[in-house]
Structures are given as structure tokens and as C-alpha cells.
Amino acid sequence: SVGFVTAMCKVLGTIREMLLAARFGVGPVVDAFNYASIVPGFFLSIVGGINGPCHSAVTSALGGTRSKREASELTEAASTMVGLMLLPISVLVFLCAGPLIDLAAPGLAASGNILTRTIAVQQLRVMAPCTLLSGFIGVAFGSLSHAGVYLVPALSPACTSLTTILAVVLYSLRHGWTGTGVGGAHDHGLAVGVLPAGGFMLGACMQGLLQAGAMAAKGFSAPLKFRWLDPRTHAPMRKVLAVMLPACVGSGMLQLATYVDLYFASFIPGAAAAMGYANLLAMAPLGILSNSLLVPTLPRFTQLSAQEQWPQLRRQVRQALVVAIALGLPLAALMCPLAPPTVRIVLQRKAFDSLASARVAAILQCYVLGAPLYLAR
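What you are looking at is a predicted structure, and each value in this text was computed from that prediction instead of being measured.

Definitions and limits used
Residues numbered from 1 in each chain as written. Predicted model: local features only at pLDDT ≥ 70, side-chain atom pairs only at ≥ 80, totals over all residues. Heavy atoms only, no water. Helix = DSSP H or I, 4+ residues; strand = E, 2+ residues; numbered from the N terminus. Buried < 20%, exposed > 50% of the residue type's maximum accessible area, 1.4 Å probe, protein only. Contact = heavy atoms within 4.5 Å. Axes fitted to C-alpha atoms, helices over the stretch in contact; angles between N-to-C directions. Parallel < 35°, antiparallel > 145°, perpendicular 65-115°, else oblique. Left-handed = near helix turned anticlockwise from the far one by under 90°. Nonpolar A, V, L, I, M, F, W, Y, C, P; charged D, E, K, R; others polar. Salt bridge = Lys/Arg side-chain N within 4 Å of Asp/Glu carboxyl O. Phe/Tyr/Trp six-rings, centres within 6.5 Å; stacked < 30°, edge-to-face > 60°.

Colleague: Just checking my understanding: could you explain unusual backbone geometry for this structure?
Modeller: Backbone geometry at K350 places phi at a positive 50°, although glycine is not the residue there. Residue placement: K350 occurs in the loop between α16 (310-347) and α17 (354-368). Residue classification places K350 among the exposed residues on the basis of a relative accessible area of 58%.

Encoded structure:
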């Protein structure tokens, strides 16, 4: 059931990208969005996502609780601590959007691509609250996984796709579907530039509300309830930090590779948009396999760790790695030759022309070669 729901989420994500490609191609709007989403995307998808640091840390700590009340108090305390850490970062992202875009994409200003830079700055300001929301969403993922609720965490990422789809469809019904990479004469204002960012932000809010409702149904307190437990004296909170901080560093190393790619891509118009489309097509099957493997097995790993059954834990981790690599190798072998026709079928229409299709297909072939290692990681 988790795999099916995840597959439906990936289908919605693909539809979202199809609409963005048809409306904006590889022009400034999508190009800017890929730069603007580096920071909020890292926090929402990596830090606060399924199998992210908050999810893993809370699931691990809750595995040692003895009652629902204790688990509820720990969830509230983890939300409070994460919120206090992320609130100033969220404010800083909003206030320093311009310098952050220049740091992530220096090629935009250097090459005179002022339109893309201006749109990216506005998009980043719109998505800045996602930094704060990511912590609450990640804690909710962990508490729901501990409670044995897997469908809601697997379903909730679809919210951002649904809201973005709705935003693009409503705008296009009003102004028409015909457009260039910029999106047509109506799109030269900043309003259309923030369209994907607004859909992304609204979807993140819906995701948080959906998970808060699921937590309330399971008897957990709301994640926004303030409760402070000092990690220096409270062992479960120390465990949350002990798992979360190293996981954030590890996830940051993965995001560093994305940042380096986009740093150099900023000197090539349309490169960031092409990389974004290729990444989505590569992650569609990888996300299904990753969530289907890890969402059910992570609570089991936590349980074995809490019981200190190390031989059995090592055996199950090895089995999971073997399954991941066994699935990743044929997937890479299959997707590499099928990349060009896949891009043509899924994306090539209206503003997304044959030149954009060839560029995305080449990047997709490079991405899918890393499928076995991605699943193993």
C-alpha cells in the first residue's frame, strides 16, 4: 500500500512537471525556481522529508518510550526544539534572499541574466517559511511512523504537486497555454515568476495540516504545542540530537553536490531547468523503491537498536542493502537507453521543444547510472 501511494505521488509530480514544461519550457521561470528551491527544498525534502534527519531521529527516540503520554511529550519537545532552531534560519532566508541567490547562482548576475535572478529572489522569499515548516513536518513523519501510520506520510508530499498543478492550470486558463520559455507576453511580470513558488509554499502548509490531523487522530498532541525538555538532563532528547545532527550533516553533503552542479549551471541559460526535469524523471522510480523499502523497515531497525539486538540488526541491514542494489542495477540498465524516448513522451510539447528534450535526456542518462548507489545510501 505504501508503494502504491508513493507511486501515485510520483505520478502527480510528473503531471506537475509536464504542465510546467508545457507552459514555461526551460526558460527563466523554471530556471529561477531551481535556484530558489535549493534552500527550502533542502529543508523540506531532505531535513523534513521521509527518511530525513528529523524523521529518523524522532522515530529512533520514540522507540524507547514506554507510554503514549511519554511519546506525546517527546514529540512536543522535539517540535519545540526544532522550531526554535529553524525559526531564525527561516527569517534569515527571507531577509537575505538576494545574497543567497547570488551565492548559489553567481552566473546569473555575471552573465546579465537579471530577469532570472529577480524571479529567483522573489521565489525564495515566498518559500522561506518552508524552512520552519520542514521541522514540524519531519517530527510528524517520525511520530506517525512510530505509531504504525505509513500511508499519511507517504501521501502528504503529493500536496505540493496538487497545489502547483492547480496554480498553473488556473493561470493558463486565464492567459492561455501558448508561451515561450518565459511563458508569453503576460509572463514578464513577477507575478507569474512566483507561481511555482506559491504553489510549493501552499502545498507545504497543506502537508503540515494533513499530518497534524493524523497525529491528533492517533492521540498525539499537536506538533505546535510548546514544551521544553532540556537535552542536558533528558536522555530521549539527547538521543534526538545525537541522531539528527549527524544526519543533517550527511544530508547536507548530498545537497552540496546539487549546489555545486547548480553553481556552474548558472553560467548556462536553461541548464538548471533541464537538470530539474531530469532529476524528477530519475527520482520517480527511485522514490517509489526507496520509500517502499525504507518506510516499513526503519521502525524495525529502531526496535532492534533499542533492544540492542545487534546481530539481527546487522543481518536485516545487509538484507535491505542487497535488495536495494538488486533493484537498482536493472533499473539503471533499463532507464539509460530509454531516456530519450521517455523525455519526448513525458515532456516534449508546446514550450518544451526538441532541443530542450535532447538536453534533458542526456542529463537523465547520467543521473540514472547512480541508481544502485542512491538506493544503497
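Colleague: Where do I start with the side chain of Q211 in this structure?
Modeller: Considering the arrangement of structural elements, one finds Q211 in helix α13 (residues 195-217). You can call Q211 buried: its relative accessible area is 1%. When residues no more than four places from it in sequence are discounted, the contact partners of Q211 are I137, A140, F141, L144, V152, P153 and S156.

Colleague: Please explain the packing of helix α4 (residues 53-62) against helix α5 (residues 68-95) as it appears in this structure.
Modeller: To characterise two packed helices, one gives the angle between the axes of the helices and the distance between these axes. Viewed as axis vectors pointing N to C, α4 and α5 meet at an angle of 150°, and their least axial separation amounts to 10 Å. The angle between the axes of α4 and α5 places the two elements in the roughly antiparallel class. Crossing angle aside, the handedness with which α4 passes α5 is right-handed. Taking contact as the criterion, the partners of C54, V58, A61 and L62 in α4 are, on α5, A71, L74, T75, A78 and V82. Grouping the amino acids of the contact of α4 with α5 by side-chain chemistry returns 8 nonpolar, 1 polar and no charged.

Colleague: Looking at this model, I keep getting lost on the pattern of salt bridges. Mind explaining?
Modeller: Side-chain pairing between opposite charges can occur once the charged atoms of the two side chains come close. Summed over all chains, the structure comprises 2 salt bridges. Among the ionic pairs, E17 bridges to R16, the shortest N-O distance being 2.9 Å. Overall, the relative accessible area of 10% leaves E17 in the buried class. Take R16: its relative accessible area is 18%, and that puts it in the buried class. Here D102 makes a salt bridge to R117, at a shortest N to O gap of 2.7 Å. Taken together, the positions of D102 in helix α6 (residues 97-104) and R117 in helix α8 (residues 114-127) put the pair 15 residues apart, joining distant regions of the chain.

Colleague: Would you mind showing me how to read the packing of aromatic side chains here?
Modeller: By convention here, two paired aromatic rings are described through the distance between centres and the angle between planes. One pass over the full model with this rule turns up 5 aromatic pairs. For the pair F33 and F200, a centre-to-centre distance of 6.1 Å together with 70° between the ring planes defines the contact as edge-to-face. With F33 in helix α2 (residues 28-36) and F200 in helix α13, this residue pair connects regions lying 167 residues apart in the sequence. Note on F33: relative accessible area 17%, which makes it buried. By relative accessible area, which is 14% here, F200 ends up buried. Taken together, a centroid distance of 5.3 Å and an interplanar angle of 80° make the contact between Y263 and F264 edge-to-face. Overall, the relative accessible area of 30% leaves Y263 in the partly exposed class. For F264, a relative accessible area of 55% translates into the label exposed.

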